[in-house]
Amino acid sequence: MAQKIAFIGLGVMGYPMAGHCQKAGHKVTVFNRTTQKANAWADEFSGDMALTPKLAARQANVILLCVGNDDDLRSVMLGEHGVLAGVNSGDIIVDHTTASAEVAREMALLCEKIGVGFLDAPVSGGQAGAENGQLTVMLGGGQTHYDIVEPVINCYAKFSQLLGDVGSGQLAKMMNQICIAGTVQGLAEAISFGQNAGLDCHAVIDVISKGAAQSWQMENRFDTMLAGKFDFGFAVDWMRKDLDIALNEAKRNGSTLPLTALVDQFYADVQKSGGGRWDTSSLLTRLKK
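The rules behind the values
Residues numbered from 1 in each chain as written. Predicted model: local features only at pLDDT ≥ 70, side-chain atom pairs only at ≥ 80, totals over all residues. Heavy atoms only, no water. Core = buried A, V, L, I, M, F, W, Y, C linked by side-chain atoms within 4.5 Å. Buried < 20%, exposed > 50% of the residue type's maximum accessible area, 1.4 Å probe, protein only. Contact = heavy atoms within 4.5 Å. Pairing = 2+ DSSP bridges. Helix = DSSP H or I, 4+ residues; strand = E, 2+ residues; numbered from the N terminus. Axes fitted to C-alpha atoms, helices over the stretch in contact; angles between N-to-C directions. 1 Å grid on protein atoms, 1.4 Å probe; cavity = no way out; pocket = protein on both sides within 12 Å on 5 of 7 lines; lining within 4 Å. Points joined across faces, edges and corners; volume = space filled by probe spheres on them. Nonpolar A, V, L, I, M, F, W, Y, C, P; charged D, E, K, R; others polar. Right-handed = clockwise from strand over helix to strand, strands pointing away.

A. Structural view of the nonpolar core. Membership of the largest hydrophobic core comes to 34 residues, with the highest contact counts inside it found for Phe 7, Trp 41, Leu 64 and Tyr 156. With residues up to four places along the chain from it excluded, the contact list for Tyr 156 reads Met 17, His 20, Cys 21, Leu 64, His 96, Gly 129, Gly 133, Gln 134 and Leu 135.

Right, dumping it as structure tokens:
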């Protein structure tokens, strides 16, 4: 069943995600702070664009957001030109931003007051996952709202799951990033060790990737790491933003994340060396110094 969709935020993730919705037969209106990009999307996908989040939301019953951080989310949601100024009772907002659980709950309360549904729904899979419609989506919110928007999410996701109340999606994404941080550091250390030992690391990875050491990072990044190429996927700047969210949440809930804190500082080293836009596998570079 076709939905009227507003998509707010056309970054490397949002642009193709909105495109998948339009190609699936939904009527999509987009908003982006850079109007030129919204116009380009409208031309490419034969969709519509709006000049404000409010105007985009006014034409939709499902509003999807994918912006940068807590402050960006508030900027497009609030105010006289924000999403909440344009929604109607019964609409559902799905926020794909990787943000704090705190801001998700804040937005959900505001939505509840005006009869609007809210789901926090961060994604995993990176730019390639967005372009190929193969994202994984972690959600928090109400089952009824999820059931309504699941067919829309399926336009760009291979898997989605409701994990609990609002905020649960963001907490799950924090767990995801904690796991990735440790995995990438381990892979970087292993490659550095193997090279220093004079091993054929391509051959070694071919063997150990068939056993317990196997990971998505190993299968998809070891080749580019060995080639010293780090212009693929999720940027260090974004990873540090995500790890900061996780570390702050850990302080609130009493968790101890020593490995995550350490890897976060290693990423700070990569930033200092000019690698803020390199992908997360660039942890290897600091071991080469």
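B. Here's a closer look at the sheet that holds strand S3 (residues 48-49). Ordered by their spatial adjacency, six strands build an open sheet running S3-S2-S1-S4-S5-S6, and the pairing between neighbours is parallel. Across the chains shown, the open sheet's two edge strands, defined by having one partner strand only, are S3 and strand S6 (117-120). Relative to S3, strand S2 (residues 27-31) runs parallel, the two being bridged by two bridges. In the sheet register, Thr 29 faces S3, and the bridge partner there is Asp 48. The strands that helix H4 (residues 70-77) touches are strand S1 (4-8), strand S4 (62-65), strand S5 (92-95) and S6; relative to S4, the one it contacts most, it runs at about 150°.

C. The arrangement of unusual backbone geometry in detail. Unusually for a residue other than glycine, Ser 46 sits at a positive phi of about 55°. Position of Ser 46 among the secondary structure elements: in the loop between helix H2 (35-45) and S3. Residue classification places Ser 46 among the exposed residues on the basis of a relative accessible area of 61%.

D. Spotlight on empty space enclosed by the protein. Per the counting criterion, the structure on display carries one cavity of 30 Å³ or more. Together, Thr 98, Ala 99, Gln 170, Lys 173, Met 174, Gln 177, Asp 242 and Ile 245 line the largest cavity. If you list the elements that add at least two residues to the lining of the largest cavity, you get helix H8 (168-196) and helix H11 (236-253). Sort the elements by how many residues they give to the lining of the largest cavity and H8 lands first, with four residues. A per-class count over the lining of the largest cavity returns three nonpolar, three polar and two charged.

E. Expanded view of the pairing of S2. Within S2, four of the five residues are buried, which leaves the element mostly enclosed by the surrounding structure. Of the strand pairs in this sheet, S1 and S2 are connected by five bridges, and their pairing is parallel. Its bridge partner being in S2, Ile 8 is matched across the sheet by Phe 31. A crossover links S1 with its parallel partner S2, the connecting element being helix H1 (residues 14-23), and its sense is right-handed. Between the parallel pair S2 and S3, the chain is carried across by H2, and the sense of this crossover is right-handed.

F. Spotlight on the sheet that holds strand S9 (residues 157-162). The sheet built from three strands is open, its strands ordered S7-S8-S9 with mixed pairing. Unpaired on one side and paired on the other, strand S7 (123-124) and S9 mark the two borders of the sheet. Two elements, strand S8 (residues 135-139) and S9, share five bridges in a ladder whose sense is parallel. Bridge pairing links Thr 136 to Phe 159 in S9. Together, S7 and S8 form the strand contacts of H8, whose direction differs from that of S8 by roughly 130°.

Spatial relationships are all this shows, so hold off on functional conclusions.
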